Amino acid sequence: MATLEQQIKERLVQALGLKIAVEAIDDNTPLFVGGLGLDSVDVLEIAAMLSLHFNVEITSGDSGRYREIFASVHSLADFVRERQAASA
Amino acid sequence: MIPATFAADIVGAGALRPGPAPVTRPAPAAVAQEQWSAYRLDDCTEQSLSPPGQIKRMGRGQAMAIAAVQRAIDSCGAPPARGSATAVSVGTAWAEEGDEIIFLENLIRFGEKGAKPAFFVNSVKNALASQLALTFGFQGENQTFAHDALSFESALWQGARLLRAGRARHAVVCGVEALVEFQEIHGHLLGCYGTDPAPLAPLAEKKRAAGQGTLPGEGAAAFVLTAPGAVAAPLARLVGVRARGPLQRAPALSTSDELALVEQALRDANTRLGGVGLLLVGANGDPALDEIYAQVAQRLRARAEGLAVGVYRHLTGDFATASALGFELAVRAVAGRAVPSEVRVVGGEPRSIERVLLYHVSSAGYHSAMIVSA
Amino acid sequence: MSARPRVIVTGMGIVSAAGWTLEETWEAIAQGRSGLRAISLFESQRCAKLPVGEVTGDPAARSGLSGGSRSDHLAVWAARAAWSDAGLSAACFAPDRGAVVFGALSGGMMFTEEFLSRLHLDKRVEPHNLADRACCNSADRVAELFGLGGFRATVANACASGGAALGLGCDLIEAGEADVVLAGGVDSLNRVVLNGFNSLMLVSPDGCRPFDAERKGMSVGEGAGVLVLESEEHAHARGARVRAWLAGRGNTCDAYHVSAPQPEGRGLHEAMRLALADAGLAPAAVDYINAHGTGTADNDPAEAKAIRALFGEAPPAVSSTKRFFGHALAAAGAIEAIVTVLALERQAIPANLGLRTVDPKISLAPVMEYRQAKLDVAMSTSLGFGGNNSAVLFRRPGTWGEMR
């Protein structure tokens with residue numbers, strides 16, 4: 001079974017239609033500036049993807065941590081794990 | 001040059017056309033046939049059309065528009081400047097509808113949780129014009145015209161209008177349509193298209209069977225316009241655009257009404273029919289529509305012996321803004337003083353082309369005449 | 001520059017969540033009554049409680065149009081009202097000299113939604129409404145109704161469409177291509193736009209509060225606004241009443257981002273500057289700005305900065321009227337232009353309804369209470385996704401010299 005990081009990468013490429021191979025995305029590649037070049041609308045697209053496929057909601061309470069949460073695939077995976085543990 | 005009350009110089013032109021023949025594929029369950037055919041930009045997905053280095057997804061219409069505009073700019077001697085002196089005018093009946101359908105389908109499949117924000121943003125119809133502004137840095141007046149077969153003509157009119165009013169130094173005008181599965185379904189269900197997979201043969205001897213309609217297509221063409229005289233050697237000069245919609249739904253088309261439009265366009269442009277070398281028409285192989293085109297062409301040829309008649313939708317398929325691709329061929333004809341080899345001449349003997357008259361009419365009754373001059 | 005024909009507004013027609021007529025709309029404004037409420041047009045789980053600007057009553061029953069989309073019905077209602085308000089008849093213009101320019105976005109989106117739902121869920125194919133889903137249909141229906149056989153266009157500039165349509169109407173008259181133009185905008189609520197904006201986290205759960213420190217976003221709305229534009233010569237010749245002069249307009253594109261405005265509002269600044277230059281007026285001449293003011297985090301500060309940059313330390317009175325009827329998308333620019341003309345006629349400024357405390361980061365003091373004021377010149381602004389900006393400037397009759 002693929003790691004959470006791997007699943008997130010696949011969903012990311014699929015949800016955003018990125019013109020890049022899943023393998024080319026490193027766990028720590030910056031998603032935004034300096035890396036994949038995603039923007040504020042893509043943040044919301046990723047949030048929708050997390051909600052739909054990982055059952056994890058980003059709430060307004062998280063708004064202070066956006067940069068942290070969305071920094072990389074690795075940070076997204078950590079966030080998902082954190083939320084899934086909290087609801088377990 | 002014949003003076004005109006309405007003019008703009010065309011200093012750059014570029015087009016993306018589909019493959020030379022329609023592509024036939026299995027049809028979805030929604031339509032009542034096993035296979036369907038369309039003129040497609042073969043192997044040109046948004047991925048391959050996107051500017052190099054672009055990782056983020058771009059809508060197909062956006063990619064096509066950018067590619068066409070880039071070609072038009074590349075063909076310019078002096079490209080239009082970034083900033084507010086360059087206006088953008090896009091004609092597209094459906095814009096990035098593919099993304100709107102993806103948004104809606106996800107909403108239906110997954111419920112409201114499935115709403116995809118990036119696809120909503122892209123589905124707003126000015127997504128092509130604003131992407132052009134973003135990509136090329138054009139900050140002048142920016143308009144998207146989305147009115148079926150009047151869309152490109154309105155965009156062209158507005159570009160010329162702006163330049164004459166001194167509100168821009170360059171106008172980038174684009175007509176574009178990206179074929180979307182839902183559009184094809186829509187067209188089939190409404191009887192616009194049929195099951196005959198053969199390439200279109202507008203105004204040909206051998207006609208499509210009655211009820212076969214035409215075939216869908218896609219493409220993009222872009223033009224860089226300046227005020228008349230701004231540049232020493234433009235490709236061509238636009239001297240008139242006249243585009244009108246019907247005054248009732250599903251009107252009965254009449255040859256005399258069509259001729260009246262063409263004659264008025266010639267008068268507006270201060271142009272005699274005798275000076276026109278090529279009548280380029282948007283006949284699309286639909287037997288009923290071909291008949292109107294044939295009558296109009298015949299009547300015009302009877303008045304001007306030197307007039308050759310050409311068709312081009314066998315290259316593009318049928319779509320609301322295909323007239324933009326016709327326009328690109330007309331510009332090339334005037335620039336090269338000869339009919340481009342892709343145009344199929346169906347009447348008359350083309351001589352040196354100084355003026356091209358484009359004439360279009362659709363089944364819904366939208367019609368237009370555009371005149372391009374050396 | 002002054003040889004070109006001057007453009008007059010001779011009639012107006014409106015429908016929105018604030019009412020079905022000019023009178024109803026202004027009454028709601030004067031009384032500070034918001035037309036926002038929970039959506040009843042269709043079922044929704046996520047959007048069920050979001051205040052929206054839904055038109056009350058049944059547009060299909062009231063428009064007199066048989067068949068067509070909700071947008072078509074709203075557009076025809078407003079067009080009929082504008083036509084009647086202008087005292088027009090077919091005798092007033094040759095068919096080829098009557099034009100229509102409408103801003104539109106959704107068109108018959110609900111028909112697309114219904115078709116795809118049935119296809120996916122029931123595997124049933126029911127195409128009977130597909131022909132009515134295009135956004136250009138509303139302009140076509142109005143053209144057919146009034147014999148407007150001249151120039152016809154649907155402008156799709158997102159939320160700046162209405163304003164852009166008015167500018168294009170001016171272009172037609174100045175170019176001598178039309179004697180009468182029905183210019184405006186129309187839009188209607190549907191699942192795509194409501195869920196679309198909601199998925200962008202742009203929609204407020206307690207109704208829009210433009211420029212407010214606690215604002216949480218926009219309220220999606222619907223409606224139609226139609227203005228009849230004529231050259232002063234044509235209006236004068238037929239004895240038409242002048243509602244206002246459309247004295248200037250500006251249209252620009254930020255070329256900054258697909259959905260966020262340039263943070264300094266530079267594109268809007270330039271659009272407003274162009275409108276003033278077009279009218280031959282200095283910024284100090286403007287008495288009131290009806291702002292786009294959607295109540296989102298990004299729009300309001302950008303707009304405020306543009307206003308401050310252009311108008312300086314003492315800008316004109318400003319208010320956003322979006323809490324009265326929501327953000328009517330492609331219709332917004334037209335509906336709000338009508339409100340702006342009404343403000344000039346009534347010599348009163350609508351309140352920036354919903355505002356309690358101005359965001360300290362916004363250096364504007366929008367008008368908090370409806371009040372009488374001497375107004376000669378007023379401006380309506382619109383910003384849209386993709387960076388489209390529009391500014392339209394009106395002058396009260398009697399303030400621009402004699403009729404020529």
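Engineer: Please clarify how the overall build of chain B should be interpreted in this entry.
Structural biologist: Check the secondary structure of chain B and you find 11 helices and 13 strands. Relative to the compact-globule value of 21 Å for 374 residues, chain B shows a C-alpha radius of gyration of 20 Å, a close match. Seen along its three principal axes, the alpha-carbon backbone of chain B occupies a region of about 60 × 50 × 35 Å. Considering chain B as a whole, with its 374 residues, one finds that 62% of them fall into the buried category. Sequence-distant contacts in chain B: of pairs separated by 6 or more residues, those separated by 24 or more amount to 78%.

Engineer: What's the story with the overall build of chain C in this structure? I'm lost.
Structural biologist: When helices and strands are counted, chain C shows 12 helices and 14 strands. Taking 404 residues into account, the globule formula puts the C-alpha radius of gyration at 22 Å, and chain C, at 20 Å, falls close to it. Long-range pairs, those at least 24 residues apart, make up 79% of the contacts in chain C between residues at least 6 apart in sequence.

Engineer: Looking at this structure, I do not really get helix H5 (residues 137-146) of chain C. What am I missing?
Structural biologist: Because each turn of an α-helix spans 3.6 residues, side chains separated by three or four positions in sequence point in the same direction. All names here are of chain C. Along H5, 8 of the 10 residues are buried, which leaves the element largely enclosed by surrounding structure. Burial in H5 covers these residues: Asn137, Ser138, Ala139, Asp140, Arg141, Val142, Ala143 and Phe146. Where the residues of H5 are buried, they touch helix H3 (70-85), strand E4 (98-103), strand E5 (152-155) and strand E6 (180-187). Phi turns positive, to about 65°, at Gly147, one or two residues after H5.

Engineer: Can you help me understand the packing of helix H9 (residues 266-279) of chain C against helix H10 (residues 299-311) of chain C in this one?
Structural biologist: Two quantities define a packed helix pair, namely the angle between the axes and the distance from one axis to the other. Residues and elements named next belong to chain C. It is at 8 Å that the axes of H9 and H10 come closest, and there the two elements cross at 45°. When the interaxial angle is binned, H9 and H10 end up oblique. Where H9 crosses over H10, the handedness of that crossing is right-handed. Side by side, H9 and H10 meet where Leu268, His269, Met272 and Arg273 of the first sit next to Glu303, Ala306, Ala309 and Leu310 of the second. In terms of residue class, the contact of H9 with H10 is built from 5 nonpolar, 1 polar and 2 charged.

Engineer: Explain the interface of chain B and chain A to me, please; I cannot follow it from the model alone.
Structural biologist: For an interface, size is often stated in terms of accessible area lost upon the parts coming together. Counting from both sides, the interface comprises 14 residues of chain B and, opposite them, 15 residues of chain A. In terms of residue count, helix H4 (residues 117-123) of chain B provides more of the side of chain B that touches chain A than any other element does, 3 residues in total. Per-class residue counts for the side of chain B that touches chain A are 6 nonpolar, 4 polar and 4 charged.

Engineer: How should the pairing of strand E9 (residues 278-281) of chain B be read in this particular structure?
Structural biologist: On any regular strand, side chains alternate: one points to one face of the sheet, the next to the other face. Residues and elements named next belong to chain B. Residues Leu278 and Leu280 point to one face of E9 and Leu279 and Val281 to the other, with burial holding for every one of them. Pairing between E9 and strand E10 (residues 308-311): 4 bridges, direction parallel. The residue bridging Leu279 from the neighbouring strand is Val309, located in E10. The handedness of the E9 to E10 crossover, carried by helix H9 (residues 287-303), is right-handed. Pairing of E9 with strand E12 (residues 355-361) involves 4 bridges; the strand directions are parallel. Within E12, the residue paired with Leu280 across the bridge is Leu358.

Engineer: How should the nonpolar core be read in this particular structure?
Structural biologist: Nonpolar side chains in soluble globular proteins generally cluster together in the buried interior. Among the nonpolar cores identified, the biggest contains 306 residues, and Ala68, Leu132 and Cys174 of chain B together with Leu227 of chain C are the most heavily contacted of them. With 10 residues, helix H12 (residues 332-346) of chain C is the largest single contributor of residues to this core. Apart from residues lying up to four places away in sequence, Leu227 of chain C is in contact with Val9, Met12, Ala82, Leu166, Ala183, Gly184, Ala334, Ala337 and Ile338 of chain C.

Engineer: How should unusual backbone geometry be read in this particular structure?
Structural biologist: Note: most peptide bonds trans; most residues except glycine with negative phi. The phi angle at Ala95 of chain B is positive, at roughly 50°, despite the residue not being glycine. C-beta crowding within 10 Å serves as the criterion here: with 29 such atoms nearby, Ala95 of chain B is assigned to the buried category.

Engineer: I'm lost on the environment of Arg208 of chain B in this one. Help?
Structural biologist: Residues and elements named next belong to chain B. Residue placement: Arg208 occurs in the loop between helix H7 (181-189) and strand E7 (219-226). A C-alpha to C-alpha distance of 29 Å links Arg208 and Glu305, two positions 97 residues apart in sequence. Setting aside residues no more than four positions away along its own chain, Arg208 makes contact with Asp196, Gly285 and Pro287.

Engineer: Teacher, can you tell me more about the interface of chain B and chain C here?
Structural biologist: The partner chain C presents 54 residues to the 48 residues of chain B that form the contact. Of all the secondary-structure elements, those providing two or more residues to the side of chain B that touches chain C are helix H3 (97-110), H4, helix H5 (127-136), strand E5 (142-145), helix H6 (151-164) and H7 of chain B. The biggest single contributor to the side of chain B that touches chain C is H3 of chain B, with 7 residues. Counted by class, the side of chain B that touches chain C contains 23 nonpolar, 14 polar and 11 charged residues.

Engineer: It is not clear to me how the pairing of E4 of chain C should be interpreted in this structure. Could you clarify?
Structural biologist: All names here are of chain C. Burial of E4 is extensive: 6 of the 6 residues sit out of reach of the surface. In E4, alternate side chains face the same way, and those of Gly98, Val100 and Phe102 on one face and Ala99, Val101 and Gly103 on the other are all buried. Sheet topology note: the E4/E6 ladder contains 6 bridges and is parallel. Bridge pairing in E6 places Gly98 opposite Val180. Across 4 bridges, the pairing between E4 and E5 is parallel. Within E5, the residue paired with Val100 across the bridge is Arg152.

Engineer: What is the right way to look at the packing of helix H1 (residues 4-16) of chain A against helix H2 (residues 40-54) of chain A in this model?
Structural biologist: Residue and element names in this part refer to chain A. At a minimum axis distance of 10 Å, the contact between H1 and H2 shows a crossing angle of 125°. The orientation of H1 relative to H2 falls into the category oblique. The crossing of H1 and H2 is right-handed. From H1, Arg11, Leu12, Ala15 and Leu16 reach across to H2, where they touch Asp42, Glu45, Ile46, Met49 and His53.

Engineer: Would you mind going over the confidence of the model for chain C with me for this structure?
Structural biologist: For any part of a model where pLDDT is low, the fine detail of the predicted coordinates should not be relied upon. Of the residues in chain C, 99% have a pLDDT of 70 or more, and the chain-wide mean is 95. Scoring the predicted complex yields pTM 0.96 and, for the interface, ipTM 0.97.

Engineer: What is the right way to read H12 of chain C from this model?
Structural biologist: Between its first and last C-alpha, H12 of chain C extends 21 Å over 15 residues, near the 21 Å set by a 1.5 Å rise per residue. Of the residues one or two after H12 of chain C, Gln347 of chain C is the one with positive phi, at around 55°.

Engineer: What should I look at first to understand the environment of Ile338 of chain C in this one?
Structural biologist: Residues and elements named next belong to chain C. Mapped onto the elements of the fold, Ile338 is located in helix H12. For Ile338, a count of 29 C-beta atoms within 10 Å gives the class buried. Put simply, Ile338 and Ala91 are 247 residues apart on the chain and 26 Å apart in space, counted from C-alpha to C-alpha. Setting aside residues no more than four positions away along its own chain, Ile338 makes contact with Met12, Ile14, Gly225 and Leu227.

Conventions and cut-offs
Residue numbers run consecutively from 1 along every chain, following the written order of its sequence. Ligands are numbered from 1 and chains lettered from A, in the order in which they are written. Local features in a predicted model are, by the rule used here, given only for residues with pLDDT of at least 70; side-chain atom pairs are given and counted only at 80 or more, and totals for whole chains, interfaces and linings are based on all residues. Where helices and strands are cited, they refer to DSSP runs of H or I of at least four residues and of E of at least two residues respectively, numbered from the N terminus. Note on method: radius of gyration uses C-alpha positions; expected globular size equals 2.2 Å times residues raised to 0.38. Here exposure depends only on C-beta density: within 10 Å of a residue's C-beta, 20 or more other C-beta atoms make it buried, 12 or fewer make it exposed, and intermediate numbers make it partly exposed, the C-beta atoms being placed from the backbone. Any residue pair is listed as a contact if its two C-beta atoms, each placed from the backbone, are within 7 Å. What counts as an axis is a line fitted to C-alpha atoms, over the stretch in contact for a helix, and the angles between N-to-C directions run from 0 to 180 degrees. Working rule for angles: under 35 degrees goes down as roughly parallel, over 145 as roughly antiparallel, 65 to 115 as roughly perpendicular, anything else as oblique. Should the near helix be turned anticlockwise from the far one by less than a right angle, the crossing is termed left-handed; should it be turned clockwise, right-handed. Residue polarity is assigned by list, with Asp, Glu, Lys and Arg as charged and Ala, Val, Leu, Ile, Met, Phe, Trp, Tyr, Cys and Pro as nonpolar; anything else, Gly included, falls into the polar class. In this analysis, strands are considered paired if DSSP registers two or more bridges between them. A clockwise course of the path from the first strand over the helix to the second, judged with the strands pointing away from the viewer, identifies a crossover as right-handed. The nonpolar core is taken to be a set of buried Ala, Val, Leu, Ile, Met, Phe, Trp, Tyr and Cys residues joined by way of C-beta atoms within 7 Å. Here pLDDT means the predictor's own confidence in every residue, given as a number from 0 to 100. A helix is expected to span 1.5 Å multiplied by its residue count minus one.

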